[in-house]
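Examination of the molecular architecture
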Amino acid sequence: MVCHPWWRGGVFYQIYPRSFCDSNGDGIGDLEGVRSRLDHLAWLGVDALWLSPVFPSPGADGGYDVSHYCDIDPVFGDIAAFDRLVAAAHARGLRVLLDWVPNHTSVQHPWFHSSRRDPDGPHANWYWWADKPLNNWSSAFGGPAWTYDEARGQYYLHLFTAAQPDLNWNEPGVQDAMFDTLRFWLDRGVDGFRADVVHLVGRDPALKDVAPRAEPGLNDLVNSYRDPRTHEVLRKVRGLLDSYPGERMMIGEVSLEESADVVTYLGTSEDPELHLAFDFSLLEAPWDAEVWRACIAGAEIAHAPVETSPTWVLSSHDASRHRTRYGGSEAAARVAAVLLLTLRGAAFLYAGEELGLQDATVGRERSRAPLGRDPSRAPIPWTIEEPHGWTGSQSWLPWPPDPGCHNPQALRRERGGILWLYRRLLELRRTTPALAHGDLELLDSPPGTLAYRRSLPRATETAVTVVANFASTHRLVPYDGAVLLESSAPDRRGALVQPSTRQLLLAPFTAAVMREPMPHRPG
Ligand code: GLC
């Protein structure tokens, strides 16, 4: 019997906690706020929520600078609030993932305090120290990756901000302590983790120079670093997760550009590593059917030999929201949603995309995130009237555009709106085995369009074909089935069947999901 662990085709909902919902009037989202909105997630029909870091942090990098791995930052609540959130999520059939940050701690972490103060102490080598910068590495956020520390009289290595010193995973003590942090949360019932830049943890102690690239970019090192030691760490992590009951899992952020590189972090069936690894190709893809086709083909080729699941992401806290990237077009965002939720593999939604949200305009004076990544972190509006379901004072970032329209209260009333499209897609995915577990085959289709077929080997299961028109003019695509769902609002009639020619006329920026039989391939 084929085994389908929940995460393989799971739909994950990313929450940036500061921005999701505030319960105590300080203008910053918190865990009670998340708990108060769980019914929205259950109504939508996602499988799991992933919380970006909620641990104590000075906030030099939006929570990705952790000063205590086994506690909750008071701004978000406390451990009791976290336990209540997990219980409430589980009661609704929602799994909970935390964001594990293994590559670096905060400079305020007690391990770093000890390491910088006491070069002979228990944490002396838990970070990378040297009398002078040992290599040509630069930080992902600009500037050198080495910073001088007065207390220790040495330089320490940091691939991100100087407030995020890199841990030395070659030290057994670091491994033990970090694995304990996983156990702490697994014992509290979390279902898994998103592991931050996890491909960086393995390091050759020689810390050799990297070869300069033809077109150097800010994130060069992060996007190209590979070391075999990372795989050893990930095999241990996998063993730990799999020793717990209930299909616990880890999705790793592996910021490598090629899908073929990313899948190596999943290991093999004999020696598995990560359960899933992020593929950011669609997050970076322009609105172009050919480019999307190449991303999908690349992922399918990479995953076929290892029989693992691709992952798909359109938006995140690190990137501009996809609707904004597509020039603000809601129609394009709807097409993208159809594709995201009908491709093979796990899908990651970023909170607010189901509301059609765009980036906020954040002036320099309110910007907090390194690299100016604030606009996609704007607060989620929940209700029509100000303060949009947030309590009390001004929220920590400005609202995204049109918060009075793009909120669940308004959109639940609009059957043709984008929110209902997401819900219908998720329902279709759940109830259509070919979408949940089927293979994917790319089909030939006219320029400016993308088409693929999802099917199961069992002839008794209905195959599904998805067609999308990326172009700003109509396109005729082969059609020979029944339209189950289309991306445009019902009154816009985006997909018109032409029975005499057995073709489907797709309006600009429209996608349709059809039930078999599969369309004839042209030519
Ligand atoms: C990941 C996070 C990003 C953070 C970086 C350093 O890429 O998604 O927000 O800045 O790691 O932790």
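All of these numbers come straight from a predicted model, not from anything done at the bench. Sequence order sets the numbering: in each chain, residues are counted from 1 along the sequence as written. Whole-chain, interface and lining totals are the exception, using all residues; otherwise, since this is a predicted model, local features are given only for residues with pLDDT of at least 70 and side-chain atom pairs are given and counted only at 80 or more. The basis for the side-chain values is all heavy atoms of the structure; hydrogens and waters are excluded.

What follows deals with the sheet that holds strand β1 (residues 11–15). Any two strands are treated as partners once DSSP identifies two or more bridges connecting them. Numbering of helices and strands runs from the N terminus; a helix is a DSSP stretch of H or I covering at least four residues, while a strand is a stretch of E covering at least two. Overall, parallel pairing links the eight strands, which are arranged β9-β8-β7-β3-β2-β1-β11-β10 in an open sheet. At either margin of the open sheet sits one strand with a lone partner, and together these are β9 (276–277) and β10 (311–313). Two elements, β1 and strand β11 (residues 346–350), share four bridges in a ladder whose sense is parallel. Residue pairing across strands places Gln14 opposite Tyr350, the latter belonging to β11. Packed onto the sheet, helix α4 (residues 79–91) meets β2 (48–51) and β3 (95–100) and runs at close to 140 degrees relative to β3. Every residue pair with non-hydrogen atoms within 4.5 Å of one another is taken to be in contact. To get an axis, fit a line to the C-alpha atoms, keeping to the stretch in contact for a helix; angles then go from 0 to 180 degrees between the N-to-C directions.

Right, let's talk about the site of the ligand for a bit. In the vicinity of the ligand there are 14 residues, among which Asp61, His104, Asp196, Glu253 and Asp318 approach most closely. In protein, a polar contact means a hydrogen-donor-capable atom and an acceptor-capable atom, both N or O and within 3.5 Å, with residues adjacent in sequence counting only if both atoms are side-chain atoms; elsewhere, any N or O pair within 3.5 Å suffices. Between the ligand and His104, the relevant distance is 2.9 Å, taken from an oxygen atom to a side-chain nitrogen or oxygen of the residue. Within the contact set of the ligand, an oxygen atom lies 3.0 Å away from a side-chain nitrogen or oxygen of Arg194. In this description, accessible areas are obtained by the Shrake-Rupley approach with a 1.4 Å probe, and a residue is regarded as covered only by the protein chains that are shown. For the ligand, whose free accessible area comes to 310 Å², the fraction covered by protein is 96%. Per-class residue counts for the shell around the ligand are four nonpolar, three polar and seven charged. By convention in these notes, a residue is near a molecule or strand provided one of its non-hydrogen atoms lies within 4 Å of it. Gly counts as polar in this scheme, as do all residues outside two lists: the nonpolar Ala, Val, Leu, Ile, Met, Phe, Trp, Tyr, Cys and Pro, and the charged Asp, Glu, Lys and Arg.

A few words now on the sheet that holds strand β19 (residues 510–515). The strand order across the open sheet formed by five strands is β12-β13-β14-β19-β16, and the pairing between neighbours is antiparallel. Edge strands, defined here as strands with exactly one partner in the open sheet, are β12 (439–443) and β16 (482–486). On average, each strand axis in the sheet is tilted by 25 degrees relative to the strand beside it, whichever way the strands run. Note that strand β14 (residues 464–469) and β19 share six bridges and pair antiparallel. Following the sheet pairing, Ala468 is matched in β19 by Ala511. Of the strands in this sheet, β16 and β19 are in contact with helix α14 (residues 418–431), which crosses β16 at around 135 degrees.

Here we come to the nonpolar core. With 136 residues, the main nonpolar core has Phe12, Phe20, Leu51, Phe193 and Trp292 as its most contacted residues. If sequence neighbours within four positions are ignored, Trp292 has contacts with Leu282, Ala285, Pro286, Trp287, Leu314, Tyr326, Ala336, Leu339, Leu450 and Phe470. In this structure, Phe141, Ala145, Trp146 and Val222 belong to the second largest nonpolar core, which totals 16 residues. Here, the term nonpolar core denotes a set of buried Ala, Val, Leu, Ile, Met, Phe, Trp, Tyr and Cys residues that are joined through side-chain atoms within 4.5 Å. Throughout, exposure labels follow a simple rule: accessible area from a 1.4 Å probe, protein chains only, divided by the maximum for the residue type, with under 20% read as buried, over 50% as exposed, and the rest as partly exposed.

Time to look at empty space enclosed by the protein. A 1.4 Å probe that fits but cannot get out identifies a cavity on a 1 Å grid over protein atoms alone, an open set with protein on both sides within 12 Å along at least five of seven lines counts as a pocket, and a residue lines either if it has an atom within 4 Å of a point. Grid points are joined across faces, edges and corners, and a volume is the space filled by probe spheres set on the points. Enumeration over the complete set of coordinates arrives at two cavities of 30 Å³ or more. In this model, the second largest cavity occupies a volume close to 50 Å³. Its residues assigned to classes, the lining of the second largest cavity shows six nonpolar, two polar and one charged.

Take the packing of aromatic side chains next. Pairing of aromatic side chains requires ring centres within 6.5 Å, counting the rings of Phe and Tyr and the six-membered ring of Trp. Pairs whose planes differ by under 30 degrees are stacked, by over 60 edge-to-face, and all others tilted. Scanning the entire structure with this criterion turns up 29 aromatic pairs. Arranged with centres 5.4 Å apart and planes meeting at 40 degrees, the rings of Trp6 and Phe12 form a pair that is tilted. There is no split in this pair, since Trp6 and Phe12 are both buried. Summarising the aromatic geometry, the rings of Trp129 and Tyr156 are spaced 5.8 Å apart at their centres and angled 70 degrees between planes, so their arrangement reads as edge-to-face. Of this pair, Trp129 sits in strand β4 (residues 129–130) while Tyr156 sits in strand β6 (residues 154–157); the two residues are 27 residues apart in sequence, bridging distant segments of the chain. Of the two residues, Trp129 and Tyr156, both sit in the buried class. Following the ring pairs from residue to residue traces out a cluster consisting of Trp6, Phe12, Trp50, Phe278, Phe280 and Phe348. When the ring centre of Tyr225 is taken as reference, the NZ or CZ atom of Arg203 above it lies at 5.6 Å. One residue, Arg415, lies across the ring of Trp420, its end atom 3.8 Å from the ring centre. As a reminder, the over-ring test applies to NZ of lysine and CZ of arginine, requiring each to be within 6 Å of the ring centre and within 35 degrees of the ring normal.

A separate point is the pairing of β19. Here is the key point about a regular strand: its side chains alternate between the two faces of the sheet. In terms of burial, β19 is a largely internal element, five of the six residues being buried. With four bridges connecting them, β16 and β19 associate as antiparallel partners. When the sheet's bridge partners are listed, Glu486 is paired in β19 with Ala512.

Let's shift gears to α14. What a helix is expected to span follows from its residue count: subtract one and scale by 1.5 Å. For α14, built from 14 residues, the straight-helix expectation of 20 Å at 1.5 Å per residue is met to within 8% by its first-to-last C-alpha distance of 20 Å. Every buried residue of α14 is listed here: Ile418, Leu419, Trp420, Leu421, Tyr422, Leu425, Leu426, Leu428 and Arg429.

It is worth spelling out the packing of helix α12 (residues 330–340) against α14 at this point. Across the interface, α12 lies against α14 with an axial gap of 10 Å and an inter-helix angle of 15 degrees. In terms of orientation, α12 and α14 fall into the roughly parallel class. In this structure, the crossing between α12 and α14 has a hand that is right-handed. Residues Glu330, Ala333, Arg334, Ala337, Val338 and Leu340 of α12 touch α14, and the partners they reach there are Ile418, Leu421, Tyr422, Leu425 and Arg429. Residue composition of the contact of α12 with α14, grouped by class: eight nonpolar, no polar and three charged. Orientation categories follow fixed angle ranges, with anything under 35 degrees roughly parallel, anything over 145 roughly antiparallel, 65 to 115 roughly perpendicular, and all other angles oblique. What makes a crossing left-handed is the near helix being turned counterclockwise from the far one by less than a right angle; a clockwise turn instead makes it right-handed.

With that settled, consider the environment of His199. As for its placement among the helices and strands, His199 is situated in the loop between β7 (192–195) and α7 (228–242). Setting aside chain neighbours within four positions, we find His199 in contact with Val222, Tyr225, Thr230, Glu253, Val254, Ser255, Leu256 and Tyr265.

On to the pairing of strand β5 (residues 146–149), then. With four bridges joining them, β5 and β6 adopt antiparallel strand pairing. Paired with Asp149 across the strands is Gln154, a residue of β6. Between the end of β5 and the start of β6, which pair antiparallel, lie four residues, with Gly153 showing a positive phi angle near 70 degrees.

Looking at the secondary structure, you find Asp279 in the loop between β9 and α9 (281–284). There is no salt bridge for the buried Asp279, and the closest opposite charge comes from Arg344, which lies 10 Å off by N-O distance. Engagement of the side chain of Asp279 in a polar contact is seen with the side chain of Ser259, the distance being 3.0 Å. Not counting chain neighbours up to four residues away, the residues in contact with Asp279 comprise Ser259, Ala299, Thr311 and Val313. Only four residue types enter the tally: Lys and Arg on the positive side, Asp and Glu on the negative side; His and the chain ends are excluded. When a carboxyl oxygen of Asp or Glu lies within 4 Å of a side-chain nitrogen of Lys or Arg, that pair is called a salt bridge.

What follows is about the domain arrangement of the protein chain. Where interface size is given, it is often the accessible area lost as the parts come together that is meant. Annotation of the protein chain at the domain level lists domain 1 (11–102 + 172–429), domain 2 (110–157) and domain 3 (438–515). The C-alpha centroid of domain 3 is placed 29 Å from the C-alpha centroid of domain 1. Between domain 1 and domain 3, the contact holds 22 residues from the first and 27 residues from the second. For the pair domain 1 and domain 3, the summed buried area comes to about 2,100 Å², and 72% of that belongs to carbon and sulfur atoms. Taken together, domain 1 and domain 3 are joined by zero salt bridges. One can count seven residue pairs in polar contact (both at pLDDT 80 or more) joining domain 1 with domain 3. For the side of domain 1 that touches domain 3, the residue count by class is 14 nonpolar, two polar and six charged. Start and end positions for the domains come from either an automated domain assignment or a database one. Simply put, the buried area is the total loss of 1.4 Å probe accessible area from both parts when two parts are fitted together.

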